[in-house]
Amino acid sequence: MKKSSSEKRRHVVAWINKAEWDQVLDYLYSKDPALQKFALQRVSAWRGRYAHCTPVAVDCTADLVRCQVLDRSGQLNGDDLVLLYGAALVRFVNLITERQQGRKARPLRRLAGKLNIPEWVVDLRHDFTHKKLPTLKWCRKGCKVVLEWLQQEYWSRQLGGGAGEDWESQSDGEEEDAELKRRENDLLNRQKEMEAYKAARDFLISYEKERYQSLDGLQEDKGLSPFADMSWLLEEIKQFSLDSSDLLVDVLLEDGFLVPTAEQLETLGCDPFETSCPSEPRIPQLFLRFWLPLLKMLNSPSFIHLFLEKLFVELKAVTTGQKDLRMFYISAWASEVILCNSNKFEYRFERKMQKKARMKDRIFMNRIQLRWQQLLSACLDAPCVSTPHLLQLILNDMEHPLPQDTQQKLLQLCSIYTQSSNMEFTLSKEQKHQPIYTLESLHEKQQLQLRRSSERSESSSDLKWVDVMAEKAKVLRGSPWQVCSDKVLWKNYPLGKVPGQSDDPSCLIVETFSVMTVSEQPVDMESSRRQNVPGISGPARTSEGLLWNQSDVNRLKSGLKLF
């Protein structure tokens, strides 16, 4: 698709400016050989700057103009000029139509017709390459016509600002070829997918037929041991899984294979209505042994990861419908794989034969490092009646388990989300005795935890306050003062007043006291001597002498009383 004029791309060009471009164009199409030679020199300079990216039209124009210059110079004879014109014309037709060729070769006449190149010019090129050389007259005429075409289709468009008119860029034919090629590739890919899908179904159907034949031949053997003739089929399926494991798992999880129909269960002797509890699904032992040879053959860490991922994807899709049997077996296979990987269900006191029989029904023996975070997210994204059971298995088997409180919350939320009206009829005995969690119970539990935490904080603060008050009371023991235990807003009282105090100062007098005049107060003789030492000024001395004389001091002391 061609771009609009507003979306034209910018190019780095070899000419200095528009003036040089106009000058070279005028000189190339002038009749003066000297001017044409100067223009050819400028084009050579452009080629040096462009390297191998010189525009095709510029190259072809320079080649044809050089033929005209040599023709007018008279230095070459007719045969040499024919060969020179022929090379320039062949080069023009090939280079101009080359970009129009698609994946399949097209006739040059059709391509030249789309570009408005005269058909006889293409015939002239054909004569140069395959037939007798044309005459010099036809060569000169072809050169003139081609130069006019180049001036009209390329040079004039540059003058009009049409540099983005990429007539030499990808054409409609190329676009058609690209679209056709894309459709062919899509069709080929779909055909390959259909063939691979059909091959996968054929492999699995053949496997089922072989297993049913072994069932008919070994009615007394409920272990369904595979015949030796099945080894080639298992090997073929394993080779197919190396290239198309995704497709093989998708086909395995279709109805009629790992998800059996009621008729298949009856054929195997399993009662479809006597399945285990949907909340804790387990694959019936006979049906598990039916598919064990194939699953053991396909066993690998990559296959187990893919198998679990597809199981939870299918479980998420099937929960939207009411296909109880399919949901049961999808959940049961996921539970079976996780239990095979678990190492926490070991039997310490079992005998060797018991352990061998137990390990016989496992898909794989060695523990695999699963992608636990992705597995946990996939399990929570596919809520169903068996999700709490699967979630518990994942949480128990994780390499780095979540905190116990987080596990409990996840399980409680999962049980709330997946409970239904008829759930009480399908719960196991252990689950029936467990409390039913609802959103209200979770809210109550959260409120209770908040109250307990607030009570603990209040009690701790009260204990600290009691300790502080006891310490203060101990310090004031034996003193007429005591610590106020009441909560008083002291900012409402001025400094020196207490609540309930009257304005009469006599209220501050204590019950027992003694009276002593100031003159009877003991005097520190050392301090008085220091004050009489010459060279040391007293604190009450100013520039005018003593602030109080001795009689004033005696008069003041006689009127003061100390408690």
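Up top you'll find the structure we're talking about.
As the structure is a computational prediction, the values presented were derived from the model and not from experiment.

Conventions adopted
- Residues numbered from 1 in each chain as written.
- Predicted model: local features only at pLDDT ≥ 70, side-chain atom pairs only at ≥ 80, totals over all residues.
- Heavy atoms only, no water.
- Buried < 20%, exposed > 50% of the residue type's maximum accessible area, 1.4 Å probe, protein only.
- Helix = DSSP H or I, 4+ residues; strand = E, 2+ residues; numbered from the N terminus.
- Arc of directions from axis to C-beta.
- Phe/Tyr/Trp six-rings, centres within 6.5 Å; stacked < 30°, edge-to-face > 60°.
- Lys NZ or Arg CZ within 6 Å of the ring centre and 35° of its normal.
- Expected span 1.5 Å × (residues − 1).
- Bend = angle between axes of the 7 residues up to and from the residue.
- Core = buried A, V, L, I, M, F, W, Y, C linked by side-chain atoms within 4.5 Å.
- Contact = heavy atoms within 4.5 Å.
- Axes fitted to C-alpha atoms, helices over the stretch in contact; angles between N-to-C directions.
- Parallel < 35°, antiparallel > 145°, perpendicular 65-115°, else oblique.
- Left-handed = near helix turned anticlockwise from the far one by under 90°.
- Nonpolar A, V, L, I, M, F, W, Y, C, P; charged D, E, K, R; others polar.
- Polar contact = N/O pair within 3.5 Å; in protein donor to acceptor, adjacent residues only side chain to side chain.
- Salt bridge = Lys/Arg side-chain N within 4 Å of Asp/Glu carboxyl O.
- Patch = residues over 30% accessible without salt bridge, like charges linked within 9 Å, V, L, I, M, F, W, Y side chains within 5 Å.
- Areas by Shrake-Rupley, 256 points an atom, 1.4 Å probe, with all protein chains shown as cover.

*Asks:* Explanation requested: helix H10 (residues 245–252) in the structure shown.
*Replies:* Counting along an α-helix, one turn takes 3.6 residues, and residues three or four places apart therefore face a common direction. By the burial criterion, the buried members of H10 are Leu-248, Val-249, Val-251 and Leu-252. In a view along the axis of H10, the buried residues occupy a sector of 160 degrees, so they form one face of it.

*Asks:* Explain the packing of aromatic side chains to me, please; I cannot follow it from the model alone.
*Replies:* One pair of aromatic rings is described through two measures. These are the centre distance and the angle between the planes. Inspection of every chain in the model, using the stated rule, returns 20 aromatic pairs. Consider the rings of Tyr-154 and Trp-155, whose centres lie 5.4 Å apart with planes at 85 degrees: the pair is edge-to-face. Residue class for Tyr-154 comes out buried when judged on its relative accessible area of 6%. Since its relative accessible area comes to 0%, Trp-155 is described here as buried. Grouping aromatic residues by their ring pairs yields a cluster made of Trp-15, Trp-21, Trp-46, Tyr-50, Tyr-154 and Trp-155. The ring of Trp-120 is capped by Lys-141, whose NZ or CZ atom sits 5.5 Å from the centre of that ring. Stacked on the ring of Phe-290, the Lys or Arg Arg-211 has its end atom at 5.8 Å from the ring centre.

*Asks:* Even after reading the chapter, I still don't get helix H12 (residues 285–298), so can you show me in this structure?
*Replies:* Across its 14 residues, H12 extends 19 Å between first and last C-alpha, which sits within 8% of the 20 Å expected from 1.5 Å per residue. At Leu-292, H12 is bent by approximately 45 degrees, the largest bend along its length, and proline Pro-293 sits one to four residues beyond. Taking burial as the measure, the 14 residues of H12 include 11 buried ones, the bulk of the element. Taken together, the buried positions of H12 are occupied by Leu-286, Phe-287, Leu-288, Arg-289, Phe-290, Trp-291, Leu-292, Pro-293, Leu-294, Leu-295 and Leu-298.

*Asks:* In this structure, what is going on with the nonpolar core? I would like to understand it.
*Replies:* One recurring pattern in soluble globular proteins is that nonpolar side chains are buried together. With 69 residues, the main nonpolar core has Trp-291 and Trp-333 as its most contacted residues. Here the element with the most residues in this core is helix H14 (residues 324–341); it accounts for 10 residues. Apart from the residues within four sequence positions on either side, Trp-291 is in contact with Leu-204, Tyr-207, Glu-208, Leu-252, Phe-257, Leu-258 and Trp-333. Listed in part, the 45 residues of the second largest apolar core include Cys-60, Tyr-85, Val-122 and Leu-147.

*Asks:* Help me understand the environment of Pro-301 in this model?
*Replies:* Position of Pro-301 among the secondary structure elements: in helix H13 (residues 301–318). Residue class for Pro-301 comes out partly exposed when judged on its relative accessible area of 49%. Measuring from C-alpha to C-alpha, the distance between Pro-301 and Ile-368 comes to 6.5 Å, with 67 residues separating the pair along the chain.

*Asks:* How do you make sense of the packing of helix H9 (residues 231–243) against H12 when you look at a structure like this?
*Replies:* Between two packed helices, both the angle of their axes relative to each other and the distance between the axes serve to describe the pair. Between H9 and H12, whose axes approach to 10 Å, the crossing angle comes to 45 degrees. With respect to their mutual orientation, H9 and H12 come out oblique. H9 and H12 meet at a crossing whose hand is right-handed. Between H9 and H12, the contacting residues are Leu-234, Ile-237, Lys-238 and Ser-241 on the first element and Pro-293, Leu-294, Met-297 and Leu-298 on the second. Residue composition of the contact of H9 with H12, by class: 6 nonpolar, 1 polar and 1 charged.

*Asks:* Where do I start with the side chain of Thr-97 in this structure?
*Replies:* In this fold, Thr-97 is placed in helix H4 (residues 78–98). A polar side-chain atom of Thr-97 sits 2.6 Å from the main-chain carbonyl oxygen of Val-93. Once you skip the residues sitting within four places of it in the chain, Thr-97 turns out to touch Leu-108, Leu-111 and Ala-112.

*Asks:* Sorry if this is basic, but what is going on with the packing of helix H1 (residues 18–28) against helix H2 (residues 33–50) here?
*Replies:* It is at 8 Å that the axes of H1 and H2 come closest, and there the two elements cross at 135 degrees. The pairing of H1 with H2 is recorded here as oblique in orientation. Once H1 is placed against H2, the crossing between them reads as left-handed. The segment H1 lies against H2, with Glu-20, Trp-21, Gln-23, Val-24, Tyr-27 and Leu-28 engaging Leu-35, Gln-36, Phe-38, Ala-39, Leu-40, Arg-42, Val-43 and Trp-46. Along the lines of polarity and charge, the residues of the contact of H1 with H2 split into 10 nonpolar, 2 polar and 2 charged.

*Asks:* Please explain the environment of Arg-140 as it appears in this structure.
*Replies:* Its location among the elements puts Arg-140 in helix H7 (residues 136–159). On the accessibility criterion, Arg-140 (40% relative accessible area) is partly exposed. Counting along the chain gives 54 residues from Arg-140 to Gly-86, while the straight-line C-alpha distance between them is 9.9 Å. The contact partners of Arg-140, leaving out residues within four places of it in the chain, are Asp-71, Leu-81 and Tyr-85.

*Asks:* What is the right way to read the pattern of salt bridges from this model?
*Replies:* Between side chains of opposite charge, pairing is possible as soon as their charged atoms come close. Here the structure, examined in full by the defined rule, presents 18 salt bridges. Among the salt bridges present, the one from Arg-182 reaches Asp-186, with a minimum N-O distance of 3.2 Å. Of this pair, Arg-182 and Asp-186 both sit in helix H8 (residues 172–217), separated by 4 residues, roughly a single helical turn. With a closest N to O distance of 3.3 Å, Lys-198 and Asp-202 form a salt bridge. Of the two residues, Lys-198 and Asp-202 are both situated in helix H8; the distance of 4 residues between them amounts to about one turn of the helix. Classification of Asp-202 by relative accessible area gives partly exposed; the value is 36%.

*Asks:* Just checking my understanding: could you explain a nonpolar patch on the surface for this structure?
*Replies:* On the surface, Val-475, Leu-476 and Trp-481 cluster together into a nonpolar patch covering about 350 Å² of accessible area. As for its position among the elements, Leu-476 is in the loop between helix H20 (439–475) and strand E1 (516–517). Relative accessible area serves as the criterion here: at 31%, Leu-476 is assigned to the partly exposed category.

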